[in-house]
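Spelled out from the first residue to the last, the chains are:
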Amino acid sequence: MTQQRHTTVRRLMDQYGQTHAEEAGIRLRNTPAPLYQLLTLCVLFSVRIKADIAVAAARELFGAGLRTPRAMADSSWQDRVNALGRAHYRRYDESTATALGAGAELVLDRYRGDLRRLRDEADGDPGRVRELLREVPRIGPVGAAIFCREAQTVWPELCPAFDDRAREAAAELGLPSAPEALARLVDTEDLPRLAAALVRVELSKNSVDDLLKTA
């Protein structure tokens, strides 16, 4: 890596390299509860709402004990609406509460509460992982991409997971835009952080400009 790229990556990671899972308090591992919590976070991100509000909503749901598909399915619709409301998750609170309940039931019925069975069903195919994720109510291409981006170190077959927005940011910053080339810029365990940082910086063009000025 050239010195300029090294400096850009270091500044990028220092300033923007927190994953959404970390921000929501999810200690991501390849075990049922944190994988489901990540799925919940992706459902919350799958509408036009600010990222900080989606993260706050996840924290409220988890704080209310809704950390597993069984707990989510057993909660009342009103309990879910109330948790979302405390995070100011407006306009989408009622429909999202419905989607969360239905999604929990799907995970319980199809995967017996364990998303590792979704992984097994995909049989190592990242495209199939995304297809199966999109069967969860409210999860679309964006939500599936977020899940894969955040989970790529616990499900290594997803590596490297850089969506269009991350690759566009990389190109603007003078970094390679091909996923495999991007993956060589950091250690494997830092791939989710790099992907998250690129998405965060892309959301603010001023941030891209500022980073380039200081790199």
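Cut-offs and rules
- Residues numbered from 1 in each chain as written.
- Predicted model: local features only at pLDDT ≥ 70, side-chain atom pairs only at ≥ 80, totals over all residues.
- Heavy atoms only, no water.
- 1 Å grid on protein atoms, 1.4 Å probe; cavity = no way out; pocket = protein on both sides within 12 Å on 5 of 7 lines; lining within 4 Å.
- Points joined across faces, edges and corners; volume = space filled by probe spheres on them.
- Helix = DSSP H or I, 4+ residues; strand = E, 2+ residues; numbered from the N terminus.
- Nonpolar A, V, L, I, M, F, W, Y, C, P; charged D, E, K, R; others polar.
- Salt bridge = Lys/Arg side-chain N within 4 Å of Asp/Glu carboxyl O.
- Expected span 1.5 Å × (residues − 1).
- Buried < 20%, exposed > 50% of the residue type's maximum accessible area, 1.4 Å probe, protein only.
- Contact = heavy atoms within 4.5 Å.
- Axes fitted to C-alpha atoms, helices over the stretch in contact; angles between N-to-C directions.
- Parallel < 35°, antiparallel > 145°, perpendicular 65-115°, else oblique.
- Phe/Tyr/Trp six-rings, centres within 6.5 Å; stacked < 30°, edge-to-face > 60°.

1. A few points about the layout of surface pockets
For the largest pocket, the calculated volume is near 400 Å³. Together, 15 residues line the largest pocket, and Val142, Ile146, Arg165, Val199 and Leu203 are the ones closest to its centre. When contributions to the lining of the largest pocket are tallied by element, the ones reaching two or more residues are α10 (141-151), α11 (164-172) and α13 (191-202). Looking at which element gives the most residues to the lining of the largest pocket, the answer is α10, with four residues. Classifying every residue of the lining of the largest pocket gives nine nonpolar, one polar and five charged. Counted as a void, the second largest pocket has a volume near 180 Å³. What lines the second largest pocket is simply Thr19, Ala21, Glu22, Ile26, Leu28, Glu150, Thr153, Val154, Glu189, Pro192 and Arg193. Of all the secondary-structure elements, those providing two or more residues to the lining of the second largest pocket are α2 (20-23) and α13. For the lining of the second largest pocket, a count of residues per class yields five nonpolar, two polar and four charged.

2. Considering the pattern of salt bridges
One pass over the structure, following the stated rule, counts twelve salt bridges. Between aspartate 114 and arginine 116 there is a salt bridge, with its nearest N and O atoms 2.9 Å apart. Of the charged contacts, one joins glutamate 157 and arginine 119 as a salt bridge, the two residues approaching to 2.7 Å between their closest N and O atoms. On the criterion of sequence distance, the pair formed by glutamate 157 in the loop between α10 and α11 and arginine 119 in helix α8 (residues 116-122) is long-range, its members being 38 residues apart. A cluster of three or more residues bridged by salt bridges with shared partners is formed by Arg110, Glu121, Arg128, Glu131 and Glu135.

3. Thoughts on empty space enclosed by the protein
Applying the stated rule across the entire model yields one cavity of 30 Å³ or more. One number sums up the size of the largest cavity: a volume of about 40 Å³. Lining of the largest cavity is provided by Tyr36, Leu39, Thr40, Val43, Ala99, Leu100, Gly103, Ala104, Val136 and Pro137. Considering only residue class, the lining of the largest cavity consists of eight nonpolar, two polar and no charged.

4. Focus: helix α7 (residues 93-111)
Look at α7: 26 Å from first C-alpha to last across 19 residues, which is about the 27 Å you get at 1.5 Å a residue. When we look at burial in α7, the residues that qualify are Asp93, Thr96, Ala97, Ala99, Leu100, Gly101, Gly103, Ala104, Val107, Leu108 and Tyr111. Those residues of α7 that are buried lie in contact with α3 (32-45), α4 (51-63), α5 (69-74), α6 (77-86), α8 and α9 (126-133).

5. Some points on the packing of helix α1 (residues 3-16) against α13
One can describe the packing of α1 onto α13 by two numbers: an axis separation of 9 Å at closest approach and a directional angle of 80°. By the angle between their axes, α1 is roughly perpendicular relative to α13. Contact with α1, carried on its side by Leu12, Met13 and Tyr16, involves Arg193, Leu194, Ala196, Ala197, Leu198, Arg200 and Val201 of α13 and no other residues of that element. Looking at the contact of α1 with α13 residue by residue, the class counts come to eight nonpolar, no polar and two charged.

6. As for the packing of aromatic side chains
Scanning the entire structure with this criterion turns up one aromatic pair. Residues phenylalanine 147 and tryptophan 155 carry aromatic rings whose centres are separated by 5.5 Å and whose planes lie at 55° to one another, so their mutual orientation is tilted. Classification of phenylalanine 147 as buried rests on a relative accessible area of 1%. Residue tryptophan 155 is classed as buried on the basis of its relative accessible area of 0%.

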